[in-house]
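Understanding the architecture of this molecule
This is what each chain is made of:
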Amino acid sequence: MLSFLLLTPCVVLWLIFYAQGQFWCQSLLSAFVVWGLLITGITEFLSLFNYFTIASVLGVWLFLNFILIFLYVKTYSLPGLDLLRFTKEQLKMRSKFLLFVLMSVIFIVVIIGLKEWSKISRKYYF
């Protein structure tokens, strides 16, 4: 559940970059770069003062989520966001590749999730 707290800034950053007129793939790459910089910066800042605890990381990410969501909603209206800027021809050309990428990511997430779940279940239940 806490992973959503970490992934929310990435999604909001993607929406911000996408709303600025970048293509979806360029905005996704920009969001990942900024997201990685935020993770690294926050981690290094908290560890500099020996304050790298679960509570402090949770607090910083909650604060960051609220700030990014507030900035996005204030700057770009939610109903005006057009996520489907593709023509039918572009979707036909990209659909097989995008489906392959999506299925690959889902497969990896499921495998990692099952592996972690088995570790947790063995630790607490057996």
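What counts as what
Residues numbered from 1 in each chain as written. Predicted model: local features only at pLDDT ≥ 70, side-chain atom pairs only at ≥ 80, totals over all residues. Heavy atoms only, no water. Helix = DSSP H or I, 4+ residues; strand = E, 2+ residues; numbered from the N terminus. Buried < 20%, exposed > 50% of the residue type's maximum accessible area, 1.4 Å probe, protein only. Contact = heavy atoms within 4.5 Å. Areas by Shrake-Rupley, 256 points an atom, 1.4 Å probe, with all protein chains shown as cover. Expected span 1.5 Å × (residues − 1). Arc of directions from axis to C-beta. Patch = residues over 30% accessible without salt bridge, like charges linked within 9 Å, V, L, I, M, F, W, Y side chains within 5 Å. Salt bridge = Lys/Arg side-chain N within 4 Å of Asp/Glu carboxyl O. Polar contact = N/O pair within 3.5 Å; in protein donor to acceptor, adjacent residues only side chain to side chain. pLDDT = per-residue confidence, 0-100. Axes fitted to C-alpha atoms, helices over the stretch in contact; angles between N-to-C directions. Parallel < 35°, antiparallel > 145°, perpendicular 65-115°, else oblique. Left-handed = near helix turned anticlockwise from the far one by under 90°. Core = buried A, V, L, I, M, F, W, Y, C linked by side-chain atoms within 4.5 Å.

1. Points about the overall build of the protein
- A count of helical and extended segments in the protein gives four helices and zero strands.
- For the protein, the α and β elements follow one another from N to C terminus as α-α-α-α.
- Out of the 126 residues in the protein, the part that is buried amounts to 19%.
- In the protein, the proportion of contacts linking residues at least 24 apart, taken out of those at least 6 apart, comes to 60%.
- Surface summary for the protein: the accessible area is close to 10100 Å², and the carbon and sulfur share equals 76%.

2. Considerations on the environment of Trp 61
- Within the secondary structure, Trp 61 sits in helix α3 (residues 54-75).
- A residue is classified by how much of its surface remains accessible, and Trp 61, at 6% relative accessible area, is buried.
- The contacts of Trp 61, once residues within four sequence positions are left out, are Leu 5, Leu 6, Pro 9, Trp 35, Leu 38, Ile 39 and Ile 42.

3. Let's talk about α3
- Along its 22 residues, α3 runs 31 Å from first to last C-alpha, staying within 8% of the 32 Å computed at 1.5 Å per residue.
- Within the span of α3, buried status applies to Ser 56, Trp 61, Leu 64, Asn 65, Leu 68 and Tyr 72. What you see down the axis of α3 is that its buried residues fit within an arc of 165°, all on one side. The outward face of α3, more than 90 degrees from its buried face, is lined by the exposed residues Ala 55, Phe 63, Phe 66, Phe 70 and Lys 74.

4. Observations concerning a nonpolar patch on the surface
- Nonpolar side chains collect at one region of the surface, where Leu 102, Met 103, Ile 106, Val 110, Leu 114 and Trp 117 lie side by side and expose about 620 Å² of accessible area between them.
- Relative to the elements of secondary structure, Trp 117 occurs in helix α4 (residues 88-125).

5. Describing the side chain of Ser 27
- In this structure, Ser 27 sits in helix α2 (residues 24-48).
- Among the polar contacts made by the side chain of Ser 27, one reaches the side chain of Trp 14 at a distance of 3.0 Å.

6. Description of the confidence of the model for the protein
- Mean pLDDT over the protein stands at 75; residues scoring 70 or higher make up 74%.
- Contacts for the low-pLDDT stretch residues 79-84, under 50 throughout, to residues beyond four places or in other chains number eight contacts.

7. Quick word on the packing of α2 against α3
- It is the contact of α2 with α3, at a shortest axis distance of 11 Å, that shows an interaxial angle of 140°. Looking at the two axes, α2 sits oblique to α3. Crossing angle aside, the handedness with which α2 passes α3 is right-handed. Here Trp 35, Leu 38, Ile 39, Ile 42 and Leu 46 of α2 lie close against α3, whose contacting residues are Ser 56, Val 57, Val 60, Trp 61 and Leu 64.

8. Concerning the side chain of Ser 56
- Residue placement: Ser 56 occurs in helix α3.
- A residue is classified by how much of its surface remains accessible, and Ser 56, at 8% relative accessible area, is buried.

9. Describing the nonpolar core
- Membership of the largest hydrophobic core comes to 17 residues, with the highest contact counts inside it found for Leu 13, Trp 61 and Leu 68.
- Counting only elements with at least two residues in this core, the list comes to α1 (2-19), α2 and α3.
- Ranked by the residues each element gives to this core, the list is headed by α1, at nine residues.

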